[in-house]
Structures are given as C-alpha cells and as structure tokens.
Amino acid sequence: MTSDLHDSQQAAGRDIELAIGGMTCASCAMRIERKLNKLDGVTATVNYATEKAKVSFPSDLDPSQLVEQVEAAGYSATLPQPKKTEPEMESGAEEDDPTRSLRQRLFGSLALSVPVIALAMIPALQFTYWQWISLTLAAPVVVWAGWPFHKAAWANLRHGAATMDTLISMGTLAAFGWSLYALLFGSAGEPGMTHPFELTIQRISGDANIYLEVAAGVTTAILAGRYFEARSKRRAGAALRALLQLGAKDVAVLRNGREERIPTDQLAVGDQFVVRPGEKIATDGVIEEGNSAVDASMLTGESVPVEVGPGDTVVGATVNSGGRLVVRATRIGSDTQLAQMAKLVEEAQTGKAAVQRLADRISAVFVPIVIALAVGTLAFWLGTGGSVAAAFTAAVAVLIIACPCALGLATPTALLVGTGRGAQLGILIKGPEVLESTRRIDTIVLDKTGTVTTGKMALADVHVADGVDADEVLRLAGALENASEHPIAQAIARGAADRVGQLPAVAEFTNVEGLGVQGIVEGRAVLVGRAALLEEWSQRLTTELAEAKASAEQQGKTAVTVGWDGQARAVLVVADTVKLTSAEAITQLRELGLTPVLLTGDNEAVARTVAADVGIDEVIAEVLPKDKVDVVKRLQSEGKVVAMVGDGINDAAALAQADLGLAMGTGTDVAIEASDLTLVRGDLRVAADAIRLSRKTLRTIKGNLFWAFAYNVSALPLAAAGLLNPLIAGAAMAFSSVFVVGNSLRLRSFRSATTATVPATDATDAVVKEPVAAR
C-alpha cells in the first residue's frame, strides 16, 4: 500500500521553469525540447521568444539533471531564482539588458567596417598599404563583433544542423581567412596593390586579392538585423512586469480600531483594511462595511462600475469609485486573481510556439549545398590537374560569394519600412515572427468591450411618459446627476449637456445610498435612480415606461428612472455603445478570409445584440479570463490559426496564447505588452489594415530573401570556374543590398482600406457592456 502511494506521488510530478541561454533561433528551442523530452517522465516546452522552458518532471528527478541535459545540448540553463525586490530590479535593469552587448558590437563594427568597404570599392582611396589598414580594421569586426555567429555556428555544427548563423560564420571566416593568406603569403600585401574598377571575367591569381569588405560588411549588416530583433524580443516579459506593477503599493490596515499604513506584501489573510474613494483595493477580499461602485476596468476591460456592499467580494487592483469601504483580506500574494492572471499570461507566452526565421529555413538547405559545391569544386580542380593553389582559390571563392550581405538586410529593412508605415497608420508591429503568423490566420476572436464597443457608458435612449418633453427630462435629470460622482450619473449628465446645453443649478442635493439621488431643480423636487426610489415617493412607472425599462434590461443595458411632482416621468437608458467603425471592420476582416468570433464576459443577450449590430455570427459569452485562454486553445486544437483582438488585462493571456495577438492602444498596458500588434487608435478597422500590411511586409521579406540569394547564386559558377575577382564579389553584395533596400521602400506606398472617416470620439470611444444597477 505504501509503495502504491509512493508511485502515485511520483506520477503526480512537479513543474518548473528554466531560463535558457545561448539560443539563436527557433531550431535551437526545438533541439533543447527534444533533448529534455528524452528523459523518462519529462514533458518540456521551450520558447525561443521568452527564452524559457516549461518542464513537467517526476518528483524523484533532481531538477539539476534538467540543467545538465540542456548543457549537454550545448546551451545554458538556470533554475528559478528568488524574486528580486523592486530596488534590486531597478539596480540590475541595465545589467540584465540583453541588447547591450549586441548594441556595442553593432556600433563598433559599423565604425570599423565603413572605411573597409569604402577602401575596397573606391580605387581613388586605395593609397599605398591600404590593404593592411583594411586588415587592421576588419579583424575586430570579424572576430569580436561576429563572435555570436561563430559561437552559434559551432553549436549547430556539433548537432549536425545549419542555420543562418552557419552561413554567415562560414562565409565571413572564408573571406577573412583567404584575405589573410593572400596578404601574408600571396602578392596582395605588396605595396601598390589595388582593386581595379573593372568587371573582367578571367582567371586570376587568388592570392593577389582580398575580400575584407565582404567579411566586414556582412557581419555588420547581420548584426544590425539581430539587434532590432533582440530589441523587439526583449518586450516578451514586459507584460508580466506591467501586471506586477498594477497592484497597490501600500494599504491602511485596521488594528485596534486605528488605521496603520503598511506595505501591501505585509498583509495577512483576515486583516481588515480601509479603501477610500479613488484608491486601489490592495488585495482580494470581502466587504465588511460600506457601499460603493468599483471600477474593475483595469482588470477586466469592462468599464461599467459594479455596485458593491457588505458581503460582496472585491478583487485586488480594482479602483473604489464611490464611498469608504472596509475590506477583509481573503487572498494574498500568489493566490490573488491578479497573480493568477499574471501566471496565465506567463504560461501562454511560454507555451506559444515560436516561428522559425524564414532565413534559417532557407539556410538549412542552402548551406549543405554550398559546402557540397565548394568540396566538389576543390575535387574537380585537383582531379583535372589544376594546381593546389588554384583549387583552393576556387573552393574558397564559392564560400565567399555564397555569403550574401543582403540576407542580413532582407528582414530588418522590410520590417523597418513596414513598421514605419504601420506607425503612420496607427499600427505597431513588434517583430518579424509576427508577420509569419498573419499569413496563416483564418479565425479572428474579438473581445467586445473596448474593441467592438467603446468601453464607455453613454446615454443611449430616452423614454418619456405621455405629454412629457424629453429635453425637459434631460435638463432636470442631467442637472441632478451632474452633482453625483457615480460613473452612470456622469454618463447621463454628459449626454444631457450634449443635447440641451448648460444644465441648471441644484439645491438640497441628497444621495440616497443604493437607490439614487434627489434634489430641487428649477423649483421641482426631482428623483433619479432605481424604480424603488420613485416608489418610496408613490411615483409608479406607467405601463409604457415599465416595458421600456424591462426591454432595456433584457438587452443588458442600465435603466434609470426619473420622476418629479408626484409622477414618474421617464426612463433613461445608459449603455456601452457599438463603435461606428466596427461593422465596416468586420466586413474588411471577412474579405481577408477570416471568420470573426465575438468573445466576452458579458451576458448572452448583450453579446448577441452587439454581434447582430456588426455582422458577427458566432458568439461566446459569459467567459472568465481563464476561459478566454481555453477558447483560444480549443479553436487551435480544431486546426484553426487564431488571431485575438482585445484591450483588457483579462484579455492578456488570450492575446499571448493566440497565434497572433492584436491589442487596442486605448486599452491596458498589460494587454498591449502581451500582444504582437498594437492598434494605436482603438479603431477596429485598423486590425484589417494591420493584417494586410503585415502580409505585404512578409511578401516583401520573401522577395528580398529570394534576391539576396539569387544575385549571389548567379555568381557561384564564376567562383567555381576560378573567374571570380573582388569587384564581382563586392558588386554582387552591393547590387543585392541596393535591390533589397529598394524593394523594401515600396512598402511606403501601402494605403489603408478604410473608406470612411469617423470623428475620433466615435472611432475610439464605442462599446456595449454588461448591465449594472443604476445605484
């Protein structure tokens, strides 16, 4: 029996997250994953973007064995470290910057390689012994700046793999090594040596020429591309940092009847703490005293306030909009809903498969072919009686010409122009991997609040009793509501002011807790709030007004009643409103071959109403944040490639899980950081533009890669025949680079498909939300 219990505990296993170092591409992640999964009982998922491995392993397995397995694959791994305090994080921020080393190498190589290329390509600058100056400048570029490529190429070689790093390392070392040989043992080091400006196709002495500009130029170009990619990739963990900064930093705890301010992390379960109007709720808990409206938009994306009172639960990081609350803490630290959402985002990011760079996939095929061609060239020359020097010259020339400088420019230039044009249109693209996803997506999941709708409460309708003037209702009710700080009251006041102009003064204003407000406006005793408030004053709704109220509430809207002088006069309907641009956006998304799905935490009636307004057929309503992730996973398991558009913290994990995440720029920082694309203006039509631009940018990158190889491949026969001279090698590099840059610049002509201009307030402020009682 004891043995069975022990076996079951072993089977249960444990989970751990390793920090992985030394990965240079998605194929590295796959290699580590395979190595870890070879261990008995181990299931591992490695993510290149976040540089983390999520591992499930048996309880009897020492975690250090996992580290050893990763190191055996040629990479580094570290076990989870204790969380740093905020001062420690700030002091170590610069040390942990993974782009700093790349930035230093890039700037150093740029300063050194520009004169090397200029000397090689402009004969007028070739003074006596210029070639030795070129060697002095090029050596640190190839050895020091190019070290990450050589290190990665060696790791790939040990595993029998070839990537872009292999191609770059092989080509630059061949060019530098042959140049060094020609300078030291050939005639290239003699005074007066020049690179003549002529494209002659003839056999030449290989030891009379140098190719330092190829080695230095390629290294610098590739470093530039890697630096911009690394800078984008660094943001992968920013979503979690943003989540952790959302909570309250300190809290007023009640001890012996007195308030004592302490740091939030010192709170214990059962502690009572005070939350004043405008303050964040420190942690999850239950209200002991007080009534208020809680703004949960920061956490849920839903801007409609939630009415709370004694016995109601509240969530940490939400904001108290109304009165003073006394809350008893029920969950703290990692048990809170905020911490659980952070964990969801982290799991989604770690579990999301990284797209392998297109250049790496091409290199995996191209490198073996080039090596085989170089070996074949060497064998052919030796076999046909050629000299050893001539044979090696031709073989090395093949390696040199196969190293395309434009390969390093193909992705970053297209991405730079594409993202620049996107920024002009209100689209921020985070990195090249994002573009690969846009090509394949077939389903787009849309959050409702803040995405399809404005996310702000607004006066949607006015229903008046017979003989009552609507403008008079708005003037009186708007004036009374203008004196209240309640979000629904403010929505009514704004709507009234927009329609009737300046609102009159209010006298004897009284807030009736939980029911509404009352006061004297223009000599009339006005009541605004729940129907129960009017009934206390014997003001009952007419049949028409009761039906209007019921209809509004059935659609998930908020109905506020108005009465004065002993009679119920009107029902005001407040709701989140659909953005004027959303229907057009859905049409554009369908034209791109995407199936839209509305996903929301709102009730079914609200969701169906909004979906019908904008033309969406499939609706998934009443879901929690974790459910949103599950919905995305379910769609992916059905073979669909999913894009997700959202704006709230509750959308962050789903945005990270989706194959392509698009965040509304009007939403929370966490959603933006967890996404792949950000739509700055909050206009859903921009989502269609973003996908079109991303797809066009990807096509441009593919075209660039084709020409990057094509120009150089066309010169391979010349290299193999021993007819290659430095100018042809340099010209091939220059022409392919110029073509790639020119092709990328065509992206500047991209135009938005938007057919109508909508005022900013309409384009960015529209949504429909879940119902909340008036007060």
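Residues numbered from 1 in each chain as written. Predicted model: local features only at pLDDT ≥ 70, side-chain atom pairs only at ≥ 80, totals over all residues. Heavy atoms only, no water.

**Some thoughts on the overall build of the chain**
Moving on, step 1. Summing up its helical and strand segments, the chain has 29 helices and 26 strands in all.
Moving on, step 2. The burial tally for the chain puts 53% of its 775 residues in the buried class.
Moving on, step 3. In the chain, of all internal contacts separated by at least 6 residues, the share reaching a separation of at least 24 is 72%.
Moving on, step 4. Element-wise, carbon and sulfur atoms account for 55% of the exposed surface of the chain, whose accessible area totals about 32,600 Å². (Helix = DSSP H or I, 4+ residues; strand = E, 2+ residues; numbered from the N terminus. Buried < 20%, exposed > 50% of the residue type's maximum accessible area, 1.4 Å probe, protein only. Contact = heavy atoms within 4.5 Å. Areas by Shrake-Rupley, 256 points an atom, 1.4 Å probe, with all protein chains shown as cover.)

**Some words on the pattern of salt bridges**
Moving on, step 1. Applying the stated rule across the entire model yields 23 salt bridges.
Moving on, step 2. A salt bridge links E279 to R261, with the shortest nitrogen-to-oxygen separation between them at 3.6 Å. With E279 in the loop between strand 7 (272-275) and strand 8 (284-289) and R261 in strand 6 (residues 258-263), the pair connects residues that are 18 residues apart, well separated along the chain.
Moving on, step 3. Here R261 falls in the partly exposed class, since its relative accessible area comes to 46%.
Moving on, step 4. Each of D250, R261 and E279 takes part in one network of salt bridges that share partners. (Salt bridge = Lys/Arg side-chain N within 4 Å of Asp/Glu carboxyl O.)

**Section: the pairing of strand 13 (residues 325-331)**
Moving on, step 1. Pairing between strand 7 and strand 13: four bridges, direction antiparallel. Note on strand 13: the bridge partner recorded for F273 is V327.
Moving on, step 2. Bridge analysis of strand 8 against strand 13 gives five bridges, and the strand direction is antiparallel. Its bridge partner lying in strand 13, G285 is registered against A329. (Pairing = 2+ DSSP bridges.)

**Examining the sheet that holds strand 3 (residues 52-57)**
Moving on, step 1. Judged by pairing direction, the sheet is antiparallel, and its four strands sit side by side in the order 2-3-1-4 without closing on themselves. Because the sheet does not close on itself, it has two edges, and the strands there are strand 2 (43-47) and strand 4 (76-78). Neighbouring strand axes in the sheet, compared pairwise and without regard to direction, differ in orientation by 25° on average.
Moving on, step 2. Note that strand 1 (residues 14-21) and strand 4 share three bridges and pair antiparallel. Pairing of I20 across the sheet is with A77, part of strand 4. (Axes fitted to C-alpha atoms, helices over the stretch in contact; angles between N-to-C directions.)

**So, the confidence of the model for the chain**
In low-pLDDT regions, the fine details of the predicted coordinates are not to be read closely.
Moving on, step 1. Here the chain averages 80 in pLDDT, while 81% of its residues score no lower than 70.
Moving on, step 2. Per-residue pLDDT stays below 50 along residues 1-11; that stretch engages in four contacts with residues further than four places along the chain or on separate chains. (pLDDT = per-residue confidence, 0-100.)

**Regarding the sheet that holds strand 18 (residues 516-521)**
Moving on, step 1. Across the sheet, six strands lie side by side as 16-21-20-19-18-17; this open sheet has antiparallel pairing. Across the chains shown, the open sheet's two edge strands, defined by having one partner strand only, are strand 16 (453-464) and strand 17 (507-512). Adjacent strand axes in the sheet meet at a mean angle of 20° when their direction is disregarded.
Moving on, step 2. Relative to strand 20 (residues 558-564), strand 19 (residues 524-529) runs antiparallel, the two being bridged by four bridges. Pairing of V526 across the sheet is with W564, part of strand 20.
Moving on, step 3. The sheet contacts of helix 21 (residues 543-554) involve strand 16, strand 20 and strand 21 (567-578), and relative to strand 21 the element is tilted by about 20°.

**Let's talk about helix 19 (residues 487-500)**
Moving on, step 1. With 14 residues, helix 19 should cover 20 Å at 1.5 Å per step; its first-to-last C-alpha distance of 20 Å lies within 8% of that length.
Moving on, step 2. All of the buried residues along helix 19 are I488, A489, A491, I492, A493, G495 and A496.
Moving on, step 3. Buried residues belonging to helix 19 abut strand 16, helix 18 (470-482), strand 20 and strand 21.
Moving on, step 4. Taken from the residues just after helix 19, G501 is the one with a positive phi, measuring 85°. (Expected span 1.5 Å × (residues − 1).)

**Structural notes on the packing of helix 7 (residues 147-158) against helix 8 (residues 164-185)**
Moving on, step 1. Closest axis-to-axis distance for the helix 7/helix 8 pair is 8 Å, and the angle between their directions is 115°. Crossing of helix 7 over helix 8 shows left-handed handedness. Counted together, F149, H150, A152, A153 and N156 of helix 7 and D165, T166, I168, S169, T172 and L173 of helix 8 form the full contact between these two elements.
Moving on, step 2. A breakdown of the residues in the contact of helix 7 with helix 8 according to their chemical character gives five nonpolar, five polar and one charged. (Left-handed = near helix turned anticlockwise from the far one by under 90°. Nonpolar A, V, L, I, M, F, W, Y, C, P; charged D, E, K, R; others polar.)

**Re the UniProt feature "transmembrane region" (unreviewed entry) in the chain**
Moving on, step 1. The feature "transmembrane region" (unreviewed entry), as annotated in UniProt, sits at residues 106-123, 129-147, 167-188, 208-228, 362-382, 388-411, 704-721 and 727-745 in this numbering.
Moving on, step 2. Regarding residues 167-188, the helix share stands at 86% and the strand share at 0%, and the terminal C-alpha atoms are separated by 26 Å.
Moving on, step 3. Counting secondary structure, residues 362-382 comes out at 100% helix and 0% strand; the distance between its end C-alpha atoms is 30 Å. (UniProt positions renumbered as here; feature names shortened; annotations may be inferred.)

**Considerations on the nonpolar core**
Moving on, step 1. If you look at the biggest cluster of nonpolar residues, it comprises 49 residues, and the most contacted ones within it are I210, L212, V370 and I400.
Moving on, step 2. Only helix 5 (99-121), helix 6 (130-145), helix 8, helix 9 (212-233), helix 13 (358-383), helix 14 (388-401) and helix 27 (685-720) provide two or more residues apiece to this core.
Moving on, step 3. Take this core: its biggest share by element is 10 residues, from helix 8.
Moving on, step 4. When neighbours within four sequence positions are excluded, V370 is seen to be in contact with M170, V398, L399 and A402.
Moving on, step 5. Within the second largest apolar cluster, 47 residues are counted, among which are L594, L598, V614 and V641. (Core = buried A, V, L, I, M, F, W, Y, C linked by side-chain atoms within 4.5 Å.)

**Things to note about the environment of D689**
Moving on, step 1. For D689, the position within the fold is in helix 27.
Moving on, step 2. Residues D689 and F750, spaced 61 residues apart in sequence, show a C-alpha to C-alpha distance of 9.5 Å.
Moving on, step 3. Once you skip the residues sitting within four places of it in the chain, D689 turns out to touch I427, F750, S752, A753 and T754.
Moving on, step 4. Side chain to side chain, D689 and R692 meet in a polar contact 3.2 Å long. (Polar contact = N/O pair within 3.5 Å; in protein donor to acceptor, adjacent residues only side chain to side chain.)

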